[in-house]
Amino acid sequence: MVVKKLKTGISGLDKVFKGGVREKSALLISGGPGTGKSIFAMHFLIAGAKAGEPGMAILYDVDKDEYLDYADTLGLPVRKYVDEKKIFLVKQPLLLRKTPNLSVPLELMRKRKIKRVVLDSLTMFSYVHVTDDRQYRSEIVNFLDRMNGVTLLATSEARFLNIDEANFNPEDFLFDGVVYLTKVRKEAEFERVLHVSKMRGQDHLINLVPFFIDKGGIKVYPDQIPFAVVGWEPPTTGFAK
């Protein structure tokens, strides 16, 4: 069976995924503050709008106007496609410890034949709706079940600073794909890098890949080695040779 892959809209990223993101899969973008998670999601929605695949962003972290203003500062035409009704923004109410009410986004998915969905963010989703770890897993499974039939991209705050020390979280096992975004340091300089931890059902690059955020959004450089790991050697054990 031929698996259809969707373009991400990010320069260089489809090469990392060896063709794009598998249609109707669920991808988690995990990283610390300022690593570009929401920008990744914007590119994903824009690429869908250009391809005739209506998209929707379910927003917990920011209001619609803030989201659009942020896209404008980056030169990303989210507002254009919202005006053309090719991208839809749904702001979810922050009702603490209430079962998530997805009636509005689900009705919009049906009515507008939505193909791509962004959840920004899973971290705030869990903060608002979840009281314990067991419920957390259950709510994620329920959410993923209700997103069946669309290609989903969710953002999440990472709980680590060093990608070598990343701990697996429940959501890492529930999503089809997991991409970590972080910053690596060499002396006084930092560089943004990404690492694809898994992409169920498709091949992908597994090395650290540098990327940059500038006017126009994100550019990924899959053929380059991050400057912070050039000349890197594993730490010694402390024993003399």
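Throughout what follows, the structure given in this document is the object of discussion. (Residues numbered from 1 in each chain as written. Predicted model: local features only at pLDDT ≥ 70, side-chain atom pairs only at ≥ 80, totals over all residues. Heavy atoms only, no water.)

1. Some details on the nonpolar core
Piece 1. Ranked by size, the top nonpolar core spans 37 residues in total, and within it F17, L194 and V220 carry the most contacts.
Piece 2. Tallying contributions element by element places helix α2 (residues 37-50) first for this core, with eight residues.
Piece 3. Residue contacts for L194: discarding those within four places in its chain leaves L13, V16, F40, V179, Y180, L181, N207, L208, V209, F211 and V220.
Piece 4. Formed by 28 residues, the second largest nonpolar core is a distinct cluster that contains F88, F143, V150 and Y180. (Core = buried A, V, L, I, M, F, W, Y, C linked by side-chain atoms within 4.5 Å. Buried < 20%, exposed > 50% of the residue type's maximum accessible area, 1.4 Å probe, protein only. Helix = DSSP H or I, 4+ residues; strand = E, 2+ residues; numbered from the N terminus. Contact = heavy atoms within 4.5 Å.)

2. Brief notes about the pairing of strand β9 (residues 189-199)
Piece 1. Of the pairings in the sheet, the one linking strand β8 (residues 177-186) to β9 comprises ten bridges and is antiparallel in character. Residue pairing across strands places R185 opposite F190, the latter belonging to β9.
Piece 2. Remark: two residues form the turn of the hairpin made by β8 and β9, two consecutive strands paired antiparallel; E187 in that turn has positive phi of roughly 60°.
Piece 3. As defined by bridge partners, β9 adjoins strand β10 (residues 209-214) across two bridges and the pair is classed as antiparallel. Each bridged residue has a counterpart across the sheet, and for V193 the counterpart in β10 is P210. (Pairing = 2+ DSSP bridges.)

3. Observations regarding the sheet that holds β10
Piece 1. Read from one edge of the open sheet, nine strands run β5-β4-β6-β7-β3-β8-β9-β10-β11, paired in mixed fashion. On the outer flanks of this sheet lie β5 (87-91) and β11 (217-220), each paired with one strand and no other. Pairs of neighbouring strands in the sheet enclose a mean axial angle of 25°, with direction left out of account.
Piece 2. Direction of pairing for strand β6 (residues 116-120) relative to strand β7 (residues 151-157): parallel, over a ladder of four bridges. Looking across to β7, one finds that V117 is bridged to L152.
Piece 3. Across the sheet, helix α3 (residues 64-74) touches β4 (55-59), β5, β6, β10 and β11, and the angle it forms with β5 is around 135°. (Axes fitted to C-alpha atoms, helices over the stretch in contact; angles between N-to-C directions.)

4. Side note on the environment of A49
Piece 1. As for its position among the elements, A49 is in helix α2.
Piece 2. For A49, a relative accessible area of 6% corresponds to the buried category.
Piece 3. Linking A49 and I87, residues 38 residues apart in sequence, is a C-alpha distance of 6.7 Å.
Piece 4. Apart from the residues lying within four places of it in its own chain, the contact partners of A49 are Y81, K86 and I87.

5. Observations regarding the packing of aromatic side chains
Piece 1. All chains considered together, the criterion is met by four aromatic pairs.
Piece 2. Between Y60 and F125, the ring centres sit 5.8 Å apart and the planes meet at 90°, which makes this aromatic pair edge-to-face. With Y60 in the loop between β4 and α3 and F125 in helix α6 (residues 122-129), the pair connects residues that are 65 residues apart, well separated along the chain. In terms of burial, Y60 and F125 fall into one category: buried.
Piece 3. Geometrically, the ring pair formed by F125 and F143 is tilted, given 5.5 Å between the ring centres and 55° between the ring planes. (Phe/Tyr/Trp six-rings, centres within 6.5 Å; stacked < 30°, edge-to-face > 60°.)

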